[in-house]
Amino acid sequence: MTTSTSTQPPVDVQAGAPIARTTRHVAVPTASASRRSVWRRRVGVGARRTAAIGLLLAAWEAASRAGVVDPFTASSPSAVGEVLAGLFADGTIWPHIEATFTASLLGLALGIVAGVVLGTVAGLFRPVAELLEPVMVLLSAVPRVIFAPLLIIWLGIGVSSKVALAFLLVAVLVFFAVYGGIQDTDARLIDRIRTFGGGTRVLLREVYVPAITGRVLGNLKIAVGFAFTGAVVGEFVASARGLGYLLMFAQSQYNAALVFALITLIVVFVLLLFALTGVVERRALRWRTR
Amino acid sequence: MLHIDRLQLGYGQAPVLHDLSLQVPEGQFASLVGPSGCGKSSVLRAVVGLHEPDDGAIELDVDGRDVGFLFQDDALLPWRSVRHNVALPLLIRGEAKRSAYEQAELWLERMGLVGFGDRFPQQLSGGQRKRVALAQTLAPRPRLLLMDEPFASLDAIVRRRVTDDLLAWVERDDITVVLVTHDLEEALTLSDRVHLMSAGPYADIVASYEVPLPRPRDLVATRTDPRFGRLFEQLWSGLAEVVDGGTDAAADTAREQESAA
């Protein structure tokens, strides 16, 4: 192995990280210093955002107390907080949270499975695509919540009609993500695997599954939002439980404080789920970071 | 090593190659040059079975597994580590993961990429990715190496270094090579024989030039050899004729070449 190849220092490897370490004493920012400054900037942004939200809430509270806005319809942060505390204190909120979470998470899971399966089959087999695509295009063009009444007629006012609506919203989204992902799959990667002697199994493992996973994860946040929309809208239309049901109830009572409390709850839940999917995304899609 | 006999091939109704014959003996470094779109790449794709020929025969003296193919684009799996990418051809032929990864590390080392195994392709520069692709292609120890404009996307300096490295391995392991390129200088500096293709459709080989320069070759010294200049002129006028004057004139040149040789 004593060719010039193995002994020659490579030319174009200087882009690697170690260089930064040797220049610590110079004005060039080191890797850890730049990470520190990124961190500091993030903390700064977070602080400014918190301050802005705090300011907004304070203004709202003041306006409500001074009578600038009608405390009955506009409510106030303190009233909303009280309602929220009350909901958790007497435990009445739990069955509703459970209903909405069950419906949205079940719809999300089933929708992802169906979307992946249908998208993959359509992506790999042309006749299936010809059959499925028009239906899916139609379903994606219309606001799919219009099917809520039909689903309630078919499946009743229980949780299954909400699961079905969340499922419908998510499945179409995931279908297009996966179907498009397979169609966009780099033909050169497939050629490359073929020249190595790889067959369908290798292609699935090395090319399609990672490509599909990337597409699904890339759409996961939107899918989470869709799943909650499906569940809550389903509960709006007809139900006996759930955050959507409570929202309708609050509206019928003209209870703005309760509406705000429920909106706050749903926002917090979705943000939590977003943070969770963000972690999954960052871990699984590490290869996208340069 | 590679015998192509009266190869015919097209894309749908559009004919590309017509009665193309090519012999590449073992250990030879052959280049295919010709106008853009004449079907140079299709020849290589047909050899590895990525494009089904309409007629003709392609024979290899080695098993299909012993054929390596270096693409113009590095075509690395973006979601796999550099190490996994290099090990991939070995894994596909059933080697244990551990040994495949070990060999991958060795080839990365040979390509000057120590410590890059855990990175992802997108985290590397274009030259580094090309080296990874080269490591990936050489790791299964091909006897026949097909290359389709492998260095077209690299800047001049990186290109020379990577080419140097490649040439060292080809000469060391006595690998038979077929290089497709539109760069006449590259073809002459690297090859033992340069085949000139006519403009398509119905492209075939109209002239072949022997490059009698000594090996191992030094890329710079080769270019200053007086024979290099003469060959370059011949090849250049041959290509000009193919592009401007149709295939007949070029075919005449080819015959003159053959009788002179």
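The model shown is predicted, which means the values in this text are computed figures rather than measured ones.

Novice: Now, about the domain arrangement of chain A: what can you tell me, with residues and values included?
Specialist: Each domain of chain A was delimited in the assignment, giving domain 1 (19-69) and domain 2 (86-288). Placing the centre of domain 1 of chain A and that of domain 2 of chain A at their C-alpha centroids yields a distance of 33 Å.

Novice: An account of the side chain of H84 of chain B is needed here, citing residue identities and associated values.
Specialist: Residue position: H84 of chain B is located in helix α2 (residues 82-92). Side-chain polar atoms of H84 of chain B contact the side chain of Y101 of chain B, separated by 2.8 Å. In this structure H84 of chain B touches E206 of chain A together with L91 and Y101 of chain B, once residues within four positions along its chain are discounted.

Novice: Can you lay out the packing of aromatic side chains for me, pointing to particular residues and giving the numbers?
Specialist: Evaluated as defined, the whole model comprises 10 aromatic pairs over all chains. When the centroid spacing of 5.3 Å and the interplanar angle of 75° are considered together, the rings of F88 of chain A and W94 of chain A count as edge-to-face. According to the relative accessible area criterion, F88 of chain A is partly exposed, its value standing at 31%. Overall, the relative accessible area of 48% leaves W94 of chain A in the partly exposed class. Measuring from ring centre to ring centre gives 6.4 Å for F228 of chain B and F232 of chain B, while their planes differ by 15°; the resulting arrangement is stacked.

Novice: Quick one: what's the story with the nonpolar core, residue by residue and with numbers?
Specialist: Counting residues in hydrophobic clusters, the biggest one holds 51 residues, and the most contacted among them are I93, I193 and L243 of chain A. Setting aside anything within four residues of it in sequence, one finds L243 of chain A in contact with I93, H96, I97, T100, E235, L262, L265, I266 and F269 of chain A. Within the second largest apolar cluster, 37 residues are counted, among which are L113, L154, V158 and V162 of chain B.

Novice: A description of the packing of helix α4 (residues 126-138) of chain B against helix α5 (residues 156-173) of chain B should follow, citing residues and the corresponding values.
Specialist: Residues and elements named next belong to chain B. Look at α4 against α5: their axes get within 10 Å of each other, and the N-to-C directions meet at 15°. When the interaxial angle is binned, α4 and α5 end up roughly parallel. The way α4 lies across α5 gives a crossing that is right-handed. Between α4 and α5, the residues in contact are G127, K130, R131, L134 and L138 and V158, R161, V162, D165, L166 and W169, respectively.

Novice: Got a sec to walk through a positive patch on the surface? Specific residues and values, please.
Specialist: Taken together, the side chains of R41, R42, K221 and R282 of chain A define a basic patch exposed on the protein surface. Structurally, the position occupied by R42 of chain A is in helix α3 (residues 31-66).

Novice: Explain the sheet that holds strand β1 (residues 2-11) of chain B to me, and be specific about the residues and the numbers.
Specialist: Residues and elements named next belong to chain B. Reading across from one edge, β2-β1-β4 is the order of the 3 strands in this open sheet, with antiparallel pairing throughout. The sheet is open, and its two edges are formed by β2 (14-24) and β4 (55-60), each paired on a single side. This sheet shows a mean twist of 25° between the axes of neighbouring strands, independent of strand direction. Strand direction decides the pairing type here: β1 and β2, joined by 7 bridges, are antiparallel. The residue bridging L9 from the neighbouring strand is L17, located in β2. Packed onto the sheet, helix α1 (residues 40-47) meets β1, β2 and β4 and runs at close to 115° relative to β1.

Conventions and cut-offs
Residues numbered from 1 in each chain as written. Chains lettered and ligands numbered in written order. Predicted model: local features only at pLDDT ≥ 70, side-chain atom pairs only at ≥ 80, totals over all residues. Heavy atoms only, no water. Domains from an automatic or database assignment. Helix = DSSP H or I, 4+ residues; strand = E, 2+ residues; numbered from the N terminus. Polar contact = N/O pair within 3.5 Å; in protein donor to acceptor, adjacent residues only side chain to side chain. Contact = heavy atoms within 4.5 Å. Phe/Tyr/Trp six-rings, centres within 6.5 Å; stacked < 30°, edge-to-face > 60°. Buried < 20%, exposed > 50% of the residue type's maximum accessible area, 1.4 Å probe, protein only. Core = buried A, V, L, I, M, F, W, Y, C linked by side-chain atoms within 4.5 Å. Axes fitted to C-alpha atoms, helices over the stretch in contact; angles between N-to-C directions. Parallel < 35°, antiparallel > 145°, perpendicular 65-115°, else oblique. Left-handed = near helix turned anticlockwise from the far one by under 90°. Patch = residues over 30% accessible without salt bridge, like charges linked within 9 Å, V, L, I, M, F, W, Y side chains within 5 Å. Areas by Shrake-Rupley, 256 points an atom, 1.4 Å probe, with all protein chains shown as cover. Salt bridge = Lys/Arg side-chain N within 4 Å of Asp/Glu carboxyl O. Lys, Arg positive; Asp, Glu negative; His and termini not counted. Charge placed at Lys NZ, Arg CZ, Asp CG, Glu CD. Pairing = 2+ DSSP bridges.

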